[in-house]
Amino acid sequence: MRPVFTDPQLQATFDELGYAPIKGFLSKAEVEELKQAYFDTLPERGGSMLSEETDLDTDAAITYDFTFIDRNWEYKQLVFDLITEKFSRIYPQYLDNYKPIIANYIRKEKDAGEVPLHQNWAFVDERKYTSVSIWVPLVDSNEENGTLQFVDGSHKRYGEFRGPLVPWELEGIKENIIADHLTPAIAEAGDCVVLDDSVVHYSAINKTGGLRLTIQLIMIPEEATAIHYHLPPEGDRKTITVYEVDRDFFMKFHPWLKPEAKVIGTRSFEASSLSVEDFQAKLGAPPFDRAPAKAGGFLQRLKRMFA
């Protein structure tokens, strides 16, 4: 598999857990600059895009500020430029030729901001590549203010085809997983966690009255094609369309509408709902990008060699 990190020790941690922490990713001065930039740019926001603006029937509520779903693409571009300008001097020290495609500020108010258990969308063909999120808290992050929490080793084991309208196989057992399988990331302001976008993760509400502000920068390998999976909300729910996309696509598209982009393929899809036992079995199994070849195929090749 193509490496994510230039450092073998970080790579080993990432391979085992699905994420790797890095201390002191940003200096104290850089933390303060990016924190101030968030507040300086707030007047540019256009408000969040909503699923209610479509025909989609959902009761999901987003209770945190999240740059990605802002309707003003110029504001999103401004945030992208601010974050990438600062991070571009740092991430090449750790990542093996990666490029940014999405940048976010994420802010939780008091007694709000739960991010449900989920995996991030798939941004590349995960049989060949790994997309990552660089997550950096701009204040000390802990369980009280809703830090990120992970299911260790869950990367590339669930939901290979992930997009905004694709049903998730862990949806029915989220509360069981939250109760029994999470490891919190306790981090100081400026530390970071680099996570595989396929790792299962969660963050609770901010129980404090203080500022809870973080940055997320989503990155893919330089040579990889960015993709987006779309499953129509009605009609054929067994065929996922694969779109070739780029950074500009994510600036301007509506997550709950049919994308306008180049179609490069389809994937057969069958919605499923895992039991707790199924979840645990998959957690202990090889990831889908490293599954061993079937024995039958190997035996057939041997027979052909010696026929």
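In case you missed it, the structure is sitting above this.
Throughout what follows, the structure given in this document is the object of discussion. (Residues numbered from 1 in each chain as written. Predicted model: local features only at pLDDT ≥ 70, side-chain atom pairs only at ≥ 80, totals over all residues. Heavy atoms only, no water.)

A look at the sheet that holds strand S5 (residues 132-137)
- Read from one edge of the open sheet, six strands run S1-S8-S5-S10-S3-S2, paired in antiparallel fashion. Strands at the two margins of the open sheet, each flanked by one partner only, are strand S1 (19-22) and strand S2 (64-66). The mean inter-strand angle of the sheet, taken between neighbouring strand axes irrespective of direction, is 20 degrees.
- The sheet contact formed by strand S3 (residues 98-108) and strand S10 (residues 212-221) spans 10 bridges and is antiparallel. (Pairing = 2+ DSSP bridges. Helix = DSSP H or I, 4+ residues; strand = E, 2+ residues; numbered from the N terminus. Axes fitted to C-alpha atoms, helices over the stretch in contact; angles between N-to-C directions.)

A word on helix H2 (residues 28-41)
- With 14 residues, H2 extends 20 Å between its outermost C-alpha atoms, agreeing within 8% with the 20 Å of an ideal straight helix rising 1.5 Å per residue.
- If you check which residues of H2 are buried, you get Glu30, Val31, Leu34, Lys35, Ala37, Tyr38 and Thr41. Here the buried residues of H2 occupy an arc of 155 degrees about the axis, which is enough to place them on one side. Relative to its buried face, H2 has exposed residues pointing more than 90 degrees away, namely Lys28 and Asp40.
- Against the buried residues of H2 lie S2, helix H3 (73-87), S3 and S10. (Expected span 1.5 Å × (residues − 1). Buried < 20%, exposed > 50% of the residue type's maximum accessible area, 1.4 Å probe, protein only. Arc of directions from axis to C-beta. Contact = heavy atoms within 4.5 Å.)

Observations regarding empty space enclosed by the protein
- One pass over the structure, following the stated rule, counts one cavity of 30 Å³ or more.
- Reported here for the largest cavity is a volume of approximately 70 Å³.
- Thr67, Phe68, Lys76, Phe80, Ile101, Ile102, Ala103, Asn104, Arg247, Phe250 and Met251 are the residues that line the largest cavity.
- Elements supplying a minimum of two residues to the lining of the largest cavity: H3, S3 and helix H5 (247-252). (1 Å grid on protein atoms, 1.4 Å probe; cavity = no way out; pocket = protein on both sides within 12 Å on 5 of 7 lines; lining within 4 Å. Points joined across faces, edges and corners; volume = space filled by probe spheres on them.)

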